[in-house]
Structures are given as C-alpha cells and as structure tokens.
2 protein chains.
Amino acid sequence: MEKIRVGITGYGNLGKGVEYAVESSDDMVLAGIFSRRSPEQIKPRTGVPVYSMEQAAQMKNQIDVMIVCGGSANDLPVQTAQLAEHFNLVDSFDTHAKIPEHFENVDKISRKSKKVSIISAGWDPGMFSLNRLYSQAILPNGSDYTFWGKGVSQGHSDAIRRIDGVLDAKQYTIPVDCALERVRSGEQPELTTREKHTRECFVVAKDDADLKFIENQIKTMPNYFADYDTTVHFISKDEFEAEHSGIPHGGVVFRTGTTGKNQKNKHIIEYKLTLDSNPEFTAGVLTACARAAYRLNKEGMSGCKTLFDIPPSYLHQQSPEELRKNLL
Amino acid sequence: MEKIRVGITGYGNLGKGVEYAVESSDDMVLAGIFSRRSPEQIKPRTGVPVYSMEQAAQMKNQIDVMIVCGGSANDLPVQTAQLAEHFNLVDSFDTHAKIPEHFENVDKISRKSKKVSIISAGWDPGMFSLNRLYSQAILPNGSDYTFWGKGVSQGHSDAIRRIDGVLDAKQYTIPVDCALERVRSGEQPELTTREKHTRECFVVAKDDADLKFIENQIKTMPNYFADYDTTVHFISKDEFEAEHSGIPHGGVVFRTGTTGKNQKNKHIIEYKLTLDSNPEFTAGVLTACARAAYRLNKEGMSGCKTLFDIPPSYLHQQSPEELRKNLL
C-alpha cells in the first residue's frame, strides 16, 4: 500500500499531537515539519526532517497533504491561504464568525491549484458542528444546546495572565450540572449564559501582589468573566505545576425534540466528549480529515470543504465494503 | 421552492412515523401511501391518497423519493429491490449480517434505473454506525462499546408471545449501570453479554396458565434470554395497556481511546439516544435520507448508498452556505 505523505506546519501542542496521530495511522507517513522558527531549533520526537516555511513550496511533490497547525487569530488566515496554492491541506480554523470569509478565500485558491482544503476541523468547530447538523436534520422540531468543559480555556487563561501581579494562571470552563440535567430531561429550557457555565481560575501570584485586586480584576472583566459565576483560587507555583499542567477539555452537544401526535413523543440526542488532551484529540480529527482530503483530490475534486461536505467513509482507513460489513 | 414529493410504502408504525416526519419538513410533500392491503382499508391521518403496491410503478413521475417502511426479514429484500427499478428510495434494512448482500443487490438495480437508493438508515444501523465510524477514524487506538436500551425489543416480545399460556408480552432491554460506568471511566473493560444488558419482561398470562412454566420457558430460551439475567413480571391486561403501550428505545455508543506520549491521554466519545418512540425517531432519519437521495440523484448520481457515503450537508434543509454560517 502506498502511504499518504503528511506534512505538519507549526510544531506547538497541536503539531505535536498530529505527529502522534500520524504515527498511529498505518496508512500515513510523516514527511516533514515546517516552521517559522529556524529548523535547527526544533527537535521532533520522531526525528522527521524540519524545514523552514519558505521551503514548503519546493516540497510540493514530496507531500500529499499538509496539516496546518497554527493559531486562528493570526496564523491560519495567512498560512492556509499560502499553502493552498501548492498543497491539499487541513486546518482547524475556529473563529466561528469568520469561517464563511476564510472558506471563500481558501476555496478560490484551492480551485485554482486543483487541490482540496478542509478547514475548521476539530471538535468545535468540527465534531460538535456535525452533531448539530445531523440532529437538526433528524429532529426538525427541537432545541440545540452546547455545553463546554470541564476544560481549559486558553483565551481566558491568557486574559488572567495579563493582569498585574499574576505569574501564571489556568481557567476551567465548567458546565452547570443542574442545567445539564434540565436539558437531559427533554424540558427544552431557555438558559442564560450564567446558568450554563461557571468559571474556575487557578492563579499563581507574585509574592507582593494584591490578591483582592487580582480577584476583582478577573471577576469583573467584561466578555470574559463578568457574565459568569467565577471562583478564583490562589495557589503555589509547585501546586500549579503538579495539578494544572494538562490541557483537558470536552463538552456536550444536545438536541432535544418532539415528534408524532400532538408532538407528544420526546427524543434526546446527546454527544459528549471527555478529553484528557484537547490538542491531541483535535489532532486526531485533523489527521482523519487529511486522509479524506487526499482521497477526494485523488478522485479529481478540488476546492474548500468542511466536515459537512465529506462522506464519512472518506475519513476511515477501511474501504467502503469493509465499513459496511464491520461497522454498519 | 419546489417541494420533494415523497411516497410511503407500508403504513405500520414506521410508515405512520414517516407521515409525521414529512409533515414536519417544509421542503417536502407527501404524495401517496402504497400498501399490500387493499387501499380502502387504510385511512391515513393526513388524508393523502392510498394506492395498492401494484400501482406504484405507474406513479413514478409523481414521486421523487419512496420511503420503504417494511420489515427487514421478509418485506425489504423484495420490496426495495422492486421499487429501486423505478424510484429513488430509502429503507431501514437492519439485519446486520445481510447488509452487504442487500447492498449489492440494490446497487445493481439502482445503477441500471439511474436512481439513488439509501439502505439501512435509522439509528442502528444508522446513527450508531456513523458514530462508530467517525470515532474510530479519530481515535484509532481504542475500543468500541454499544449498549441498547432502555427499550422495547420487538423480537424478544414476539418470542415471549409464542409461549403457551401467554396473551401479551413486552420485553425491555436494559443496559447495566455499572458496565456503563466502567466504560465511561475510560477503563476499556472486556464485558460479557451478561455483564452488559439485563432483560425485563412484562407478561399477561391466560387465567389458567402455569406461571412457573412460562417464567422458566422465558429464562431458558436459547439466544433470546438464556445468556442474560432476566426478570419476569406477570401483570394484568389493564396494567399492560396503561403502562406498556409505548415503543421507547435508545442506547449509547462509546469509543474510548488513548493518544500521545506512552498513550497516557484518555479520550471518551459518547453518543446517546433516549427515544420515546423508536419508529418515529427512525422515521426522522429516513426522511432526512430521502432529502439526500433526491439531491444526489438531481446531481446525476445513481446506485446504492448508506449514511457512510452521504456528505452530511445533503441531509439538512439548509444550503451549505447557511450551514457553515449557522452550525459550524
């Protein structure tokens, strides 16, 4: 079997996760890592060659799919667009409001280069979105609910770290149990922001810091914390490193709906993820999408896609015959 | 907007569920019901015209998609094959072991008639199968678990009704809580049949029946009950009608897997259905698939498909642009 040759752009947590995921995929081989840092600074665990971003275009015949592991705010709008000129690719662009714009832009470039790009792959956007789509299609009379956590929000942790006197911080988003239970009962409640999630913060402060000031700055921060019930714990650097070094996340997507005579029959669809490592799970989705991008392009397709456009069987290593026999 | 004209073959619980589901779909209109019974015996709730099965072929220009609502054991192998000569269609064929054979057969006919058939749509096979596929593709190192229930098994209820002295019976399949919890913890246990599900039976016996005999016949019945912990309750006809007239079902599909350094990070994917009406939920899946069959055929596709082959967006009423904007 000819293996799919995968390239990784960006070697942070997500890029490292993809390195593991490609290793776990028998039908793939890692062909190279591309970075904006100078290549000699990077020592990949698997010993795969490292190249500078500028070298990528020259490597277009050695790489079947590029997995672009940059950040959505600044990296992906530029990197995905540039790489789409030469490669089939996958990214995890997750700025929901800007997805249509990113899609249009990448679609134009990928059609011209006759390659396939899959954007916004991951779990939200990604698997959660897919579940919203399938569930709405099946139960047109109903309500959608998405809960995130328990998990680390990178954006909220960063916001705390910018407060004066803070050395390090981690913020967990936590779904409110009784809200989950109300949704799970099929009641179809209307829930405010405050009723759905709480925020818990673990902060390492400087020795001379004003803890009251920090706590108040966090709890009143607009957009990030003001609309939530927030708890702040000050802990030592040692405890922080021992207890809060992971990047867990997850959440639940619900659709609750009704059917039949007088809409009397209730149905509840629940899709729940519990993830020890947010970037490693996201990497699993990206890697499955890389397989799909490669296969779609082999069949002559081009342009930008999302998980909404991909026949599920394209993501799985087995053939359609095997899948029907083993999984249907 | 031109509406999709849907036909229903078979007007039992599933056919009635499809009638409700088409009514809830703004982009569809019910064009007719086809039955083996004589049409005047059938009074559809919506007043839609009823035809005999023999009239179906003549109606091929009035119906865009036929939803075939027969039983898998005897009806669908024949009916789906016959109707595929003239119609785009959807069925819920659920004899897992015979899916490859049914697929090959229907594929040949649908390719010749240049129509699209979607088989084995529902929740298992169907949405549960899809979740097995997606989850395996994302987490290649892991284990799958499917639990059914709490819900009514038609086959097991029928088996009890065939015992001498039984007037009526309903059997509930119930997942074992501690097995669910072990899977949910990510432990990846190996579970025997007995450890996964229990069976609870509600039986209305004849006045002079030998209850000990009936209970023993149930509990020792090979394939159906012998491998399970089974409870039998004898109840009155009134209680039976008051408490056990519904057809609830559901279940959970799990994949638990590991990633990363020394496979130390655990991930749990859980897809759970809680359904007041098994046939009405199945009807929701069939109806969404009817939309997909119609759209695929409009684009020039033909042949047999399953949910594994269908880009998710084809199931939903909204356009790809709207889906990206609203659900991704």
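Structure shown above.
The notes below deal with the structure included here. (Residues numbered from 1 in each chain as written. Chains lettered and ligands numbered in written order. Predicted model: local features only at pLDDT ≥ 70, side-chain atom pairs only at ≥ 80, totals over all residues. Heavy atoms only, no water.)

Take the side chain of His 102 of chain A next. Residue and element names in this part refer to chain A. For His 102, the location among the structural elements is in helix α3 (residues 99–113). By relative accessible area, His 102 is classed as buried at 4%. With residues near it in sequence (within four places) discarded, His 102 still touches Leu 76, Pro 77, Thr 80, Asp 91, Phe 93 and Ile 119. (Helix = DSSP H or I, 4+ residues; strand = E, 2+ residues; numbered from the N terminus. Buried < 20%, exposed > 50% of the residue type's maximum accessible area, 1.4 Å probe, protein only. Contact = heavy atoms within 4.5 Å.)

Turning our attention to helix α6 (residues 177–184) of chain B. Helical periodicity: at 3.6 residues per turn, an α-helix aligns residues three or four positions apart in one direction. Residues and elements named next belong to chain B. Listed in full, the buried residues belonging to α6 are Ala 179, Leu 180 and Val 183. The buried residues of α6 all sit within an arc of 100° when viewed along its axis, so they share a single face. Turned more than 90 degrees away from the buried face of α6, the exposed residues are Asp 177 and Cys 178. Looking at the packing, one finds that the buried side of α6 touches β7 (142–148), β9 (166–175), α7 (193–196) and β12 (249–259). Backbone geometry just downstream of α6 places Gly 186 in the positive-phi region, at approximately 85°. (Arc of directions from axis to C-beta.)

Across the boundary between the two partners, chain B contributes 62 residues, which contact 62 residues of chain A. Around 5500 Å² of area is buried between chain B and chain A when both sides are counted, 62% of it from carbon and sulfur atoms. Along the contact surface separating chain B from chain A lie 26 residue pairs in polar contact (both at pLDDT 80 or more). Counting residues per element, the ones that place at least two in the side of chain B that touches chain A are α3 (99–113), α4 (127–138), β13 (265–275), α10 (278–298) and α11 (320–326) of chain B. For the side of chain B that touches chain A, the leading source of residues is β13 of chain B, giving eleven residues. In this sheet, β13 of chain B lies alongside strand β13 (residues 265–275) of chain A in antiparallel orientation, the contact comprising nine bridges. Note on β13 of chain B: the bridge partner recorded for Ile 268 of chain A is Thr 274 of chain B. (Buried area = accessible area lost by both parts, 1.4 Å probe. Polar contact = N/O pair within 3.5 Å; in protein donor to acceptor, adjacent residues only side chain to side chain. Pairing = 2+ DSSP bridges.)

Another point: the sheet that holds strand β11 (residues 229–234) of chain A. All names here are of chain A. With respect to topology, four strands assemble into an open sheet ordered β8-β9-β10-β11, the strand pairing being mixed. Both edges of this open sheet fall to β8 (151–152) and β11, since each of them pairs with a single strand only. Of the strand pairs in this sheet, strand β10 (residues 197–205) and β11 are connected by six bridges, and their pairing is parallel. Looking across to β11, one finds that Glu 200 is bridged to Thr 231. Together, β9 (166–175), β10 and β11 form the strand contacts of helix α8 (residues 211–219), whose direction differs from that of β11 by roughly 150°. (Axes fitted to C-alpha atoms, helices over the stretch in contact; angles between N-to-C directions.)

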